[in-house]
Every structure is written in C-alpha cells, then in structure tokens.
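Summary of structural features
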Amino acid sequence: MLIARRRGWEIPESRVTPESAMLNRRGLLAAAGALSIAGGLKAYAEPNPKFAAGRDLTEEKYATTYNNYYEFNDSKSVSKEAQALSQRPWTIKLEGMLKDPRTIDIDDLMKQVQTEERIYRHRCVEAWAMTVPWTGFSLAQLLKIAEPLGSATYVVFETASDKTAMPGLNSPFYPWPYQEGLAMDEAANDLAFMVTGLWGKPVPPQNGGPLRIALPWKYGFKSAKSIVKITFTDKRPKTFWEGIQPSEYGFWANVNPAVSHPRWSQARERLLGSNEMVPTQIYNGYGDFVAGLYEGRKSEKLFM
Ligand SMILES: Nc1nc2c(c(=O)[nH]1)N[C@H]1C(S)=C(S)[C@@H](COP(=O)(O)O)O[C@H]1N2
Ligand SMILES: [Mo]
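For the structure given in this document, a descriptive report is provided here. Nothing here was measured: the structure is a model prediction, and the numbers come from that model. (Residues numbered from 1 in each chain as written. Chains lettered and ligands numbered in written order. Predicted model: local features only at pLDDT ≥ 70, side-chain atom pairs only at ≥ 80, totals over all residues. Heavy atoms only, no water.)

Quick word on the overall build of the protein chain
Counting secondary structure elements, the protein chain contains seven helices and twelve strands. By the burial criterion, 53% of the 304 residues in the protein chain qualify as buried. Within the protein chain, contacts between residues at least 6 apart in sequence are counted, and of these 71% link residues at least 24 apart. A total of about 13,500 Å² of accessible surface is found on the protein chain, and carbon and sulfur atoms cover 55% of it. (Helix = DSSP H or I, 4+ residues; strand = E, 2+ residues; numbered from the N terminus. Buried < 20%, exposed > 50% of the residue type's maximum accessible area, 1.4 Å probe, protein only. Contact = heavy atoms within 4.5 Å. Areas by Shrake-Rupley, 256 points an atom, 1.4 Å probe, with all protein chains shown as cover.)

Regarding the pairing of strand β4 (residues 128-138)
Counting buried positions along β4 gives eleven out of eleven residues, so the element sits mostly inside the fold. Taking the residues that link successive antiparallel strands as the turn, the strand β3 (residues 116-123)-β4 hairpin has four residues, and the phi of A127 there is positive, at about 75°. Summarising the sheet, β4 and strand β11 (residues 268-271) pair through two bridges and their orientation is parallel. Within β11, the position partnered with A129 by the bridge is L271. In terms of strand pairing, β4 meets strand β7 (residues 193-198) through five bridges, oriented antiparallel. Directly across from T135, in β7, lies its bridge partner G197. (Pairing = 2+ DSSP bridges.)

Considerations on empty space enclosed by the protein
Throughout the structure, instances matching the rule amount to three cavities of 30 Å³ or more. Approximately 60 Å³ is the volume found for the second largest cavity. What lines the second largest cavity is simply Y120, R121, H122, R123, W134, A214, L215, P216, K218, G220 and S223. Ranked by the residues each element gives to the lining of the second largest cavity, the list is headed by β3, at four residues. (1 Å grid on protein atoms, 1.4 Å probe; cavity = no way out; pocket = protein on both sides within 12 Å on 5 of 7 lines; lining within 4 Å. Points joined across faces, edges and corners; volume = space filled by probe spheres on them.)

Quick notes on the sheet that holds strand β1 (residues 91-96)
What the five strands build is an open sheet, ordered β2-β1-β10-β5-β6; its pairing is mixed. Bordering the open sheet on either side are β2 (102-105) and β6 (179-183), each of which pairs with just one other strand. The mean angle between the axes of side-by-side strands here comes to 20°, regardless of whether they run parallel or antiparallel. Bridge count between β1 and strand β10 (residues 227-233): four bridges; the pairing is parallel. Bridging from a neighbouring strand, G96 pairs with F232 of β10. (Axes fitted to C-alpha atoms, helices over the stretch in contact; angles between N-to-C directions.)

Here is the structure:
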C-alpha cells in the first residue's frame with residue numbers, strides 16, 4: 001500500500017506491500033464479498049487506509065495456527081482444540097458504572113456499528129510479531145453504545161470461561177477468568193479496535209472469536225480474546241498476567257524496544273512465517289496515535 005504522506009508509524013517504502021498485490025487481494029476479497037452477499041452472509045468491510053501497516057501481511061496459515069490462548073493450553077498449537085468454543089449464541093454483559101447495565105447479543109451489537117478492515121501489526125511480549133487484516137469496529141463506538149458514567153476511569157474485558165471447551169481452565173495455577181483492561185482515555189483512542197473478523201471471515205476461535213480486542217501499541221497479552229463481559233469501574237483492575245507475575249507484566253504494557261523484559265531483550269521481533277528478525281519500534285510504531293496518552297503518566301511503569 002503506497003501512501004502519499006508517511007507518518008512516524010509507517011515503515012520505509014522498501015518494506016511496503018506492492019500496490020498491485022494489495023489491489024489483487026482487495027479484488028479477491030470484493031469478489032468473496034459479492035459471493036457472501038448472494039449467500040446471505042455479512043458483506044466485506046472496506047480497508048481503512050489510515051491504518052496501513054507498512055509491512056507485508058503474515059500468511060494466514062501462520063496467524064491462525066500459532067496462537068496464545070491459555071484457556072486451551074499453554075502451547076502455540078490450540079487451533080484445532082479451540083474449534084470447540086461455540087461462537088453462537090454469544091452475548092456480552094455490560095456491567096458496572098454505566099447508565100444502563102445490560103446484556104447484549106453480538107448480532108444486535110453488530111447492527112449498531114460501522115465496520116471496517118484495519119491492517120495492524122501485533123507484537124507479542126515474547127518477541128514474535130504478525131501483521132494481519134482485522135475487521136471490526138472502533139471501541140469508541142462501543143463506548144457510545146454502553147454509555148459509561150463520567151466517573152468511570154477504567155474499562156475491563158473478560159474472556160469466556162467454558163470449562164467443557166477450554167481444558168486450560170482446570171489448571172489452578174492461573175487466575176481465571178482472563179481479564180484485561182484500559183484506562184478510559186486509552187479506550188477512547190482511535191486505535192482501540194473491537195475485532196469480529198480476520199481476512200474477511202469471522203475471526204476464528206483460536207484468534208479470539210467471535211469478539212476480541214486489538215490494541216496494536218501494546219504487548220499482545222493486553223488484547224483479550226472471546227470477550228463475554230465489559231465492566232466500567234473507577235478502580236484499576238488486576239489484569240491476568242500482572243496477577244501471575246507482577247515483576248514481569250504490568251497494567252500499561254506499551255511496546256518499547258529500549259525496555260527489556262527481565263528475561264529477554266525487546267529490541268527486535270521475529271516475524272511469523274519468515275522468521276525474519278526486525279527492529280521493534282516504540283509503541284510498536286503507533287506513537288503518533290498514542291504517545292500523548294502517556295505525557296501525564298511518566299511516573300508509571302508504562303513499558304512492562
Ligand atoms: N483470553 C485470552 N486472551 C489472550 C490470550 C490468552 O491466553 N487468553 N493471549 C494473549 C497473547 S499473549 C497474545 S500475543 C494474543 C495472541 O493473539 P493471536 O493468537 O490472535 O495471535 O492474544 C492475547 N489474548
Ligand atoms: Mo503475547
């Protein structure tokens with residue numbers, strides 16, 4: 001994707017996906033969209049050029065078969081097992097400090113939002129990375145629907161805990177259910193994206209179907225999968241990995257190549273598929289969008 005004006009988070013043009021490849025992919029997706037309309041499925045969402053990742057896409061087969069999803073198990077090979085997590089019916093509880101606490105059905109929610117495709121880079125704290133086309137809607141749209149009270153300062157996302165589908169939940173070592181959170185101003189940021197699709201198809205269970213979040217400036221563990229509950233609160237939540245190992249994983253978890261994990265360097269990252277090592281960028285290259293959020297928070301541990 002060629003872009004006229006390069007911003008800080010875009011990577012030099014030598015790394016850019018050729019326009020022809022992109023057009024070709026869009027053509028294929030548009031054709032698939034037309035077919036799915038005929039088949040009564042949801043139409044294809046238009047890519048938003050504002051979020052061009054400036055990196056080649058990871059091959060779909062790698063992004064959908066190399067996953068972290070501890071509710072299934074702690075290997076990267078959960079994609080077969082994860083198919084046991086039923087994707088419908090699916091409801092999301094809206095709880096805590098909001099105008100009207102309630103439970104919404106995902107399909108009703110989908111009727112109330114504008115969807116789009118965004119190509120995002122994803123950086124796991126373990127130093128692997130991928131670049132994928134998510135479809136979904138901004139978290140900001142969901143905030144408008146939820147109507148949190150002005151006194152709410154954090155939003156918390158909770159993952160499904162289905163003991164029959166998810167054998168990892170039987171491991172007492174982990175503080176289930178998986179829970180992650182954001183400060184309200186982070187949640188309102190343009191980059192915070194609720195994901196319902198991947199490569200123009202429903203996001204598969206192993207990648208967090210039917211509803212996950214994508215926060216590309218933060219380490220991957222912040223992006224909770226298969227969300228069943230969203231709570232508004234004025235207390236900073238104790239998040240899953242922080243609960244397990246607070247000396248290694250914190251609440252903010254913004255990507256920063258200069259701040260090492262206690263057990264490894266964060267300076268570079270391995271691209272899924274090619275296994276090429278490339279330099280990591282501060283805020284995963286999205287600083288133009290999000291650096292301002294942290295101006296008044298310099299005393300916090302922003303990068304772990
Ligand atoms: N519920 C839940 N969400 C989760 C995880 C998890 O184990 N359980 N792993 C996190 C981590 S560490 C990463 S890197 C991403 C991986 O997302 P992917 O499998 O779609 O690449 O999901 C995040 N969300
Ligand atoms: Mo991760």
